[in-house]
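# Tertiary structure, described
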Amino acid sequence: MKNIVSMRWLLARMYEPDVVIADCRFLLGQPNAGREAYEAGHIPGAVYLDLEQDLSSPVSAHGGRHPLPDPAALASRLSKAGFGSNSRIIAYDDQGGMNASRLWWLLRYMGHEHVYVMDESFTAWQNAKFPVTTDVPVQIPSSFEWNLQPLLLASVEDVQQASVSGSAVLIDSRDARRYSGLEEPIDAKAGHIPGAVNYFWKDVLGPDGRWSGVDALEERFAKLDKDGEIIVYCGSGVSACPNVIALEEAGYTNVRLYSGSWSDWISYEENPVATGEK
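Throughout what follows, the structure given in this document is the object of discussion. All values derive from a computational prediction rather than experimental measurement.

### Regarding the overall build of the protein
Across its full length, the protein holds ten helices and nine strands. A globule of 278 residues ought to have a C-alpha radius of gyration of about 19 Å, and the protein, at 18 Å, matches this closely. Viewed in the frame of its principal axes, the protein has a C-alpha envelope of about 50 × 40 × 35 Å. Expressed as a percentage of contacts within the protein between residues at least 6 apart in sequence, the contacts between residues at least 24 apart total 76%. For the protein, the exposed surface amounts to about 12200 Å²; the carbon and sulfur share of it is 51%.

### With respect to the pattern of salt bridges
By the definition in use, this model includes 16 salt bridges. In this structure, R174 engages D172 in a salt bridge whose closest nitrogen and oxygen atoms are separated by 2.7 Å. A residue is classified by how much of its surface remains accessible, and D172, at 0% relative accessible area, is buried. A single salt-bridge network, built from bridges that share partners, covers R65, D172, R174, R178, E184 and D187.

### A few points about the nonpolar core
Of all hydrophobic cores here, the largest spans 70 residues; its most connected members are L10, I43, F83, W105, W125 and L247. Looking at which element gives the most residues to this core, the answer is helix α4 (residues 98-109), with eight residues.

### A closer look at the layout of surface pockets
Each pocket or cavity is described by its volume, and for the largest pocket that value is around 390 Å³. L28, M98, R178, W201 and S239 are, among the 22 residues lining the largest pocket, the residues nearest its centre. Taken as a whole, the second largest pocket holds about 270 Å³ of empty space. Contributing to the lining of the second largest pocket are 16 residues, with V19, V20, G45, P137 and V138 lying nearest its centre. The greatest single-element share of the lining of the second largest pocket, amounting to three residues, is contributed by strand β2 (residues 19-23). Taken together, the residues that form the lining of the second largest pocket break down as twelve nonpolar, three polar and one charged.

### Re empty space enclosed by the protein
For the coordinates displayed, the defined rule picks out one cavity of 30 Å³ or more. Lining the largest cavity are L68, P69, D70, P71, L74, L106, Y109, M110 and L148. When residues of the lining of the largest cavity are traced back to their parent elements, those giving at least two are α3 (71-80) and α4. For the lining of the largest cavity, the class distribution of residues is eight nonpolar, no polar and one charged.

### A few points about helix α6 (residues 156-165)
Three or more residues of α6 are buried, namely V156, V159, A162 and S163. Down the axis of α6, the buried side of the element spans an arc of 120°, and every buried residue falls inside it. Exposed residues pointing more than 90 degrees away from the buried face of α6 are listed as E157 and V164. Remark: G166 follows α6 within two positions and exhibits a positive phi of approximately 75°.

### Overview of unusual backbone geometry
Backbone geometry places E120, a non-glycine residue, at a positive phi of 65°. Within the fold, E120 resides in the loop between β5 (115-118) and α5 (122-127). Positive phi, close to 65°, is recorded for K129, a residue that is not glycine. When you line up the elements, K129 lands in the loop between α5 and α6.

### Let's talk about the sheet that holds strand β7 (residues 197-198)
On the basis of which strands lie adjacent, the open sheet formed by four strands has the order β7-β6-β8-β9 and parallel pairing. Two strands in the sheet have a free side with no partner beyond their single neighbour: β7 and β9 (255-257). Sheet topology places strand β6 (residues 169-172) next to strand β8 (residues 230-233); four bridges connect them, and they run parallel. Bridge pairing links V169 to I230 in β8. The strands touched by helix α9 (residues 240-249) are β6, β8 and β9; relative to β8, the strand with the most contacts, the crossing angle is about 150°.

### Some remarks on the environment of G235
Relative to the elements of secondary structure, G235 occurs in the loop between β8 and α9. For the pair G235 and H192, spaced 43 residues apart in the sequence, the C-alpha separation amounts to 9.8 Å. When residues no more than four places from it in sequence are discounted, the contact partners of G235 are R65, R174, R178, D187, G260, S261, W262 and S263.

Cut-offs used in this document
Residue numbers restart at each chain and count upward from 1, following the sequence in its written direction. Thresholds applied to this predicted model are a pLDDT of at least 70 for local features of residues and 80 or more for the giving and counting of side-chain atom pairs; totals over whole chains, interfaces and linings are not thresholded and use all residues. Side-chain descriptors were evaluated using all non-hydrogen atoms of the structure, hydrogens and water having been removed beforehand. Counting from the N terminus, the helices are DSSP H or I runs at least four residues long and the strands are E runs at least two residues long. It is over C-alpha atoms that the radius of gyration is taken, and the globule rule equals 2.2 Å times the number of residues to the power 0.38. We call two residues contacting when some pair of their heavy atoms lies within 4.5 Å. The Shrake-Rupley method, run with a 1.4 Å probe sphere, supplies the accessible areas, and residue values consider only the shown protein chains as cover. Take a side-chain nitrogen of Lys or Arg and a carboxyl oxygen of Asp or Glu: if they are within 4 Å of each other, that pair is a salt bridge. For each residue, the accessible area found with a 1.4 Å probe, counting protein chains only, is set against the maximum for its type, and the residue is called buried under 20%, exposed over 50%, and partly exposed in between. Note on terminology: a nonpolar core comprises buried Ala, Val, Leu, Ile, Met, Phe, Trp, Tyr and Cys residues joined through side-chain atoms within 4.5 Å. Of the two site types, the cavity is a set of points on a 1 Å grid over the protein atoms alone where a 1.4 Å probe fits but cannot get out, and the pocket is an open set with protein on both sides within 12 Å along at least five of seven lines, each lined by residues with an atom within 4 Å of a point. Grid points are joined across faces, edges and corners, and a volume is the space filled by probe spheres set on the points. Each residue receives one of three labels: charged for Asp, Glu, Lys and Arg, nonpolar for Ala, Val, Leu, Ile, Met, Phe, Trp, Tyr, Cys and Pro, and polar for the others, Gly being one of them. By construction, the arc corresponds to the directions joining the helix axis to the C-beta atoms. At least two DSSP bridges between two strands are needed for those strands to be called paired. Here an axis means a line fitted to C-alpha atoms, over the contact stretch when the element is a helix, while the angle between two N-to-C directions is reported on a 0 to 180 degree scale.

Geometric descriptors of this kind do not, in isolation, establish any biological role.
What follows is the structure, encoded as structure tokens:
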């Protein structure tokens with residue numbers, strides 16, 4: 001796989017000078033839990049990046065619950081933390097890769113190609129008796145240059161058009177009950193964007209919590225046209241990112257993220273809402 005690396009791969013390379021490790025653990029609704037988990041133990045050399053403080057900008061009227069960070073602000077934060085333009089960046093979390101995939105997507109959006117998500121999770125790393133430390137690394141500033149890739153991002157207008165005309169396949173990455181509007185634990189309205197199809201993000205993982213192989217991912221998305229345009233969303237542009245990675249692994253080349261996702265869609269009164277299976 002191009003974007004996923006094994007724990008053993010990281011174990012063998014963690015002390016190489018161009019490797020930067022990012023701890024992206026975060027629990028929705030418990031904003032300090034990720035940082036506390038990092039302080040209690042992390043992969044040696046890892047830098048903590050907070051989903052809400054570092055990988056999002058403040059919430060406003062539109063843009064969803066986790067608006068994209070300002071690229072210049074994120075680049076400055078990364079530079080200070082020792083992320084360089086030539087760094088190989090490996091992200092991990094304890095949430096099935098969901099938050100690590102958000103960093104992966106942001107870095108790709110900023111034009112950085114050498115970014116990977118560690119398979120399994122921090123807990124699996126610990127259980128394997130791989131090294132863990134409470135030492136916070138000294139961060140030697142680097143220079144992180146960025147070059148935005150706007151084609152990776154879909155706007156609400158793009159999504160409105162796709163919803164009406166079918167110009168792109170809309171993928172909803174939330175679980176089936178939220179997609180169908182049976183429950184909505186977080187956002188003000190329940191349901192999905194009309195025309196969207198449901199591919200729950202956690203189905204990119206096998207029962208053992210590891211990423212499925214390329215063949216399994218190709219099979220998972222077999223109904224979709226490999227060259228067709230695909231727009232992926234979730235609740236707030238985080239759990240959609242594993243689906244973006246999975247689609248890329250499976251050979252889809254025209255995939256965009258609707259970063260504001262459902263929480264942005266419903267912030268516009270005029271946007272319609274669908275419920276049920278379709």
